[in-house]
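Overview (structure and organization)
If you want the building blocks of each chain, they are given just below.
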Amino acid sequence: MLNPGVPAPDFSLPDQSGKKHSLTDYRGRWVVLYFYPKDDTPGCTKEACNFRDEKGRLEELGAVVLGVSADDVQSHGKFHRKYDLNFPLLSDPDKTTIRAYGAWGKKTLYGQEYEGVFRYTFLIDPEGRVAKVWDKVKPDQHALEVAEALIELQKQAV
């Protein structure tokens with residue numbers, strides 16, 4: 001996983017409608033880049049809806065929200081429409097960006113080991129550096145936690 005202070009890896013990924021997004025597109029803004037395991041599953045739905053509901057507050061703080069999973073563009077489109085999400089969901093089926101951020105690895109569920117996407121969030125500063133990392137995420141309250149951290153980081157920068 002990436003540590004605060006390091007440059008965030010750039011990427012170019014399509015969103016739910018096929019439009020490409022790169023980290024460099026958002027230079028000069030804070031970026032909330034969150035990785036999640038799977039579209040339309042209970043935890044991922046809670047997290048996405050939480051970011052949807054807090055998007056206005058995050059935008060007031062100068063941040064954009066981007067969700068990333070290995071699901072394809074079509075899956076993202078269905079998920080995006082079903083929950084009326086108001087931010088891009090980026091598709092990384094070959095897991096290049098997911099791996100670059102250290103969000104891929106061995107997981108265990110019911111005693112079975114498998115590989116998958118970790119629920120990690122990276123707050124990236126306007127210069128493109130990792131400012132904060134969350135590797136323990138509570139999906140239903142995470143967006144508020146991110147907003148509070150963003151407020152603190154902005155206070156420190158003044």
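Residues numbered from 1 in each chain as written. Predicted model: local features only at pLDDT ≥ 70, side-chain atom pairs only at ≥ 80, totals over all residues. Heavy atoms only, no water.

1. Here we look at the packing of helix α1 (residues 42-60) against helix α4 (residues 142-157)
Selection rule: Simply put, an axis is a line fit to the C-alpha atoms, just over the touching stretch for a helix, and the angle between two N-to-C directions goes from 0 to 180 degrees. By definition, any uninterrupted DSSP run of H or I lasting at least four residues is a helix, any uninterrupted run of E lasting at least two residues is a strand, and each is numbered from the N terminus. The contact criterion used throughout is that any non-hydrogen atoms of two residues lie within 4.5 Å. Think of it as three bins: nonpolar holds Ala, Val, Leu, Ile, Met, Phe, Trp, Tyr, Cys and Pro, charged holds Asp, Glu, Lys and Arg, and polar takes everything else, Gly as well.
For the pair α1 and α4, interaxial distance at closest approach is 8 Å and the crossing angle is 35°. Contacts between α1 and α4 pair E47, N50, F51, E54, R57 and L58 from the former with H142, A143, L144, V146, A147 and L150 from the latter. Classifying every residue of the contact of α1 with α4 gives seven nonpolar, two polar and three charged.

2. Thoughts on unusual backbone geometry
Let me state the cut-off plainly: Each residue gets one of three labels from its accessible area relative to the maximum for its type: buried under 20%, exposed over 50%, partly exposed in between, using a 1.4 Å probe on protein chains only.
Of note, the phi angle at D40 is positive, near 60°, even though the residue is not glycine. Overall, the relative accessible area of 36% leaves D40 in the partly exposed class. Of note, the phi angle at K95 is positive, near 65°, even though the residue is not glycine. Relative to the helices and strands, K95 resides in the loop between β5 (89-91) and α3 (96-100).

3. Some remarks on the pattern of salt bridges
Any two side chains of opposite charge can pair, on the condition that their charged atoms come close. Definition in use: Whenever Lys or Arg places a side-chain nitrogen within 4 Å of a carboxyl oxygen from Asp or Glu, that contact is recorded as a salt bridge.
Enumeration over the complete set of coordinates arrives at nine salt bridges. As a salt-bridge pair, D40 and K82 come within 3.0 Å of each other at their nearest N and O atoms. Highlighted residues: D40 in the loop between β3 (30-35) and α1 and K82 in helix α2 (residues 73-82), separated in sequence by 42 residues. By relative accessible area, K82 is classed as exposed at 54%. Where E47 meets R119, a salt bridge forms, and the shortest distance between an N and an O atom there is 2.8 Å. Here E47 is found in helix α1, whereas its partner R119 is found in the loop between β7 (112-117) and β8 (121-124), with 72 residues between them in sequence.

4. Remarks on the pairing of strand β6 (residues 104-109)
Here is the key point about a regular strand: its side chains alternate between the two faces of the sheet. Just so we agree on the cut-off: For two strands to be treated as a pair, DSSP must find no fewer than two bridges joining them.
The sheet contact formed by β6 and β7 spans six bridges and is antiparallel. Looking at the pairing, T108 lines up with E113 of β7. Between β6 and β7, which follow one another and run antiparallel, lie two residues, and Y110 among them has a positive phi close to 50°.

5. Digging into α2
For clarity, the cut-off: Think of a polar contact as two N or O atoms within 3.5 Å of one another; within protein, one of them needs to be a possible hydrogen donor and the other a possible acceptor, and neighboring residues in sequence only count if both atoms come from side chains.
Those residues of α2 that sit buried are H76, G77, F79 and H80. Packing partners of the buried residues in α2 comprise α1, β4 (63-69) and β5. Its side-chain oxygen 3.2 Å from the backbone nitrogen of Q74, D72 forms the N-cap of α2. Of the residues flanking the end of α2, it is D84, one or two places downstream, whose phi is positive at about 50°.

6. A word on the nonpolar core
Selection rule: In these notes, a set of buried Ala, Val, Leu, Ile, Met, Phe, Trp, Tyr and Cys residues joined through side-chain atoms within 4.5 Å is what counts as a nonpolar core.
Counting residues in each nonpolar core, the largest one holds 25 residues, and the members touching the most others are Y34, F51, L58 and F87. When residues of this core are traced back to their parent elements, those giving at least two are β3, α1, β4, β9 (130-134) and α4. Ranked by residues supplied to this core, first place goes to α4 with six residues. With residues up to four places along the chain from it excluded, the contact list for F51 reads V32, Y34, L58, V65, F87, H142, A143 and V146. Core analysis: the next-biggest nonpolar cluster, separate from the first, contains 24 residues, A8, L23, I98 and F122 among them.

Without other data, these values stay purely geometric and don't point to any function.
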